[in-house]
Amino acid sequence: MRRIYFLVPTIEITHKIVEELQAKGIEDRHIHILAARDTSLEGLPEAGVTIKTDFLPAVERGLALGGSTGLLAGLVGLRFAGFAIAGGPLLGIIMAGATIGSLMGGLAGMNSGNSRLRQFEQAIEQGEILVLVDIPRDQIETIRKLVIKHYPEVEFEGVEPILPPSY
């Protein structure tokens, strides 16, 4: 799956684009709309927390950092214990560190905007609407041409892979 981006000038055109995407068989869960806070998105699939914020990347970073910290703390604890301890307590400390790190990272990530979408912040604040569509790789060009053909005022802003990469 890939995520394609369109900047749309008005909410009316956004409604028409979403209707066309739905007619092409794209489900609402694969369409994400971002607009300024005062814009009414009634009937449109609004982007969720994981798209609006850096929640998932922060969880990943927290998991890695917490697991590494747990490993180091466990090794230091083994060194100063003065006797050999089985790997179970070490594994437990690693798991605890990874869990706490991912929770803390996720909480921190929810408080910051999505770093991938920063380039669109100014356009969104000026009233444009960002439409993100998750589609299979082989449909990218078809959907891009469909939207640009019917709505020439819409700007195609690019394509990026989405997680997980196994899609």
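In what follows, the structure referred to is the one given above.
Here we summarise the structure given alongside this text. In this text, all values refer to a predicted model and were calculated from it rather than measured experimentally.

## With respect to the packing of helix α3 (residues 55–81) against helix α4 (residues 87–110)
For any two helices packed against each other, the geometry comes down to the angle between their axes and how far apart the axes lie. Look at α3 against α4: their axes get within 6 Å of each other, and the N-to-C directions meet at 150°. In terms of orientation, α3 and α4 fall into the roughly antiparallel class. For the crossing formed where α3 meets α4, the hand is right-handed. Of the residues belonging to the contact of α3 with α4, the class tally is 13 nonpolar, 11 polar and no charged.

## Description of the sheet that holds strand β4 (residues 155–161)
Spatially, β2-β3-β1-β4 is the arrangement adopted by the 4 strands of the open sheet, whose pairing is antiparallel. At either margin of the open sheet sits one strand with a lone partner, and together these are β2 (31–34) and β4. Between one strand and the next, the sheet's axes are offset by a mean angle of 20°, whatever the strand orientation. Examined bridge by bridge, β2 and strand β3 (residues 129–135) share 4 bridges and lie antiparallel to one another. Bridge pairing in β3 places H32 opposite L132. Set on the sheet, helix α1 (residues 11–23) makes contact with β1 (2–8), β2 and β3; between it and β2 the angle comes to about 175°. Strands β1, β3 and β4 of the sheet are contacted by helix α6 (residues 140–150), whose axis makes an angle of about 10° with β1.

## Side note on the packing of aromatic side chains
Applying the stated criterion to the full structure yields 2 aromatic pairs. The lysine or arginine in question, R144, covers the ring of F156, its NZ or CZ lying 5.6 Å from the ring centre.

## Re the pattern of salt bridges
A full pass over the atoms with the stated rule returns 4 salt bridges. Of the charged contacts in the structure, one is a salt bridge between R29 and E27, with a shortest N-O distance of 2.6 Å. Take R29: its relative accessible area is 58%, and that puts it in the exposed class.

## What to know about the side chain of T14
Checked against the element boundaries, T14 lands in helix α1. Owing to a relative accessible area of 0%, T14 belongs among the buried residues under this scheme. Look past the residues within four positions of T14 in its chain and what remains in contact with it is V8, I33, L44, I129 and V131.

## Focus on the environment of G127
Mapped onto the fold, G127 is located in the loop between α5 (121–125) and β3. Here G127 falls in the partly exposed class, since its relative accessible area comes to 36%. Distance from G127 to G67, taken between C-alpha atoms, is 42 Å for residues 60 residues apart in sequence.

## Description of a nonpolar patch on the surface
Together, V49, I100, M104, L107 and M110 line one region of the surface with nonpolar side chains, adding up to about 500 Å² of accessible area. Ranked by residue count, the leading element in the nonpolar patch is α4, at 4 residues. Mapped onto the secondary structure, I100 falls in helix α4. For I100, a relative accessible area of 53% puts it in the exposed group.

## Some thoughts on α6
Listed in full, the buried residues belonging to α6 are I140, I143, L146 and V147. Along the axis of α6, the buried residues cluster in a sector spanning 140°; they form a single face. Opposite the buried face of α6, by more than 90 degrees, sit the exposed residues K145 and K149. Buried residues along α6 sit against β1, α1, β3 and β4.

Conventions adopted
Residues numbered from 1 in each chain as written. Predicted model: local features only at pLDDT ≥ 70, side-chain atom pairs only at ≥ 80, totals over all residues. Heavy atoms only, no water. Axes fitted to C-alpha atoms, helices over the stretch in contact; angles between N-to-C directions. Helix = DSSP H or I, 4+ residues; strand = E, 2+ residues; numbered from the N terminus. Parallel < 35°, antiparallel > 145°, perpendicular 65-115°, else oblique. Left-handed = near helix turned anticlockwise from the far one by under 90°. Nonpolar A, V, L, I, M, F, W, Y, C, P; charged D, E, K, R; others polar. Pairing = 2+ DSSP bridges. Contact = heavy atoms within 4.5 Å. Phe/Tyr/Trp six-rings, centres within 6.5 Å; stacked < 30°, edge-to-face > 60°. Lys NZ or Arg CZ within 6 Å of the ring centre and 35° of its normal. Salt bridge = Lys/Arg side-chain N within 4 Å of Asp/Glu carboxyl O. Buried < 20%, exposed > 50% of the residue type's maximum accessible area, 1.4 Å probe, protein only. Patch = residues over 30% accessible without salt bridge, like charges linked within 9 Å, V, L, I, M, F, W, Y side chains within 5 Å. Areas by Shrake-Rupley, 256 points an atom, 1.4 Å probe, with all protein chains shown as cover. Arc of directions from axis to C-beta.

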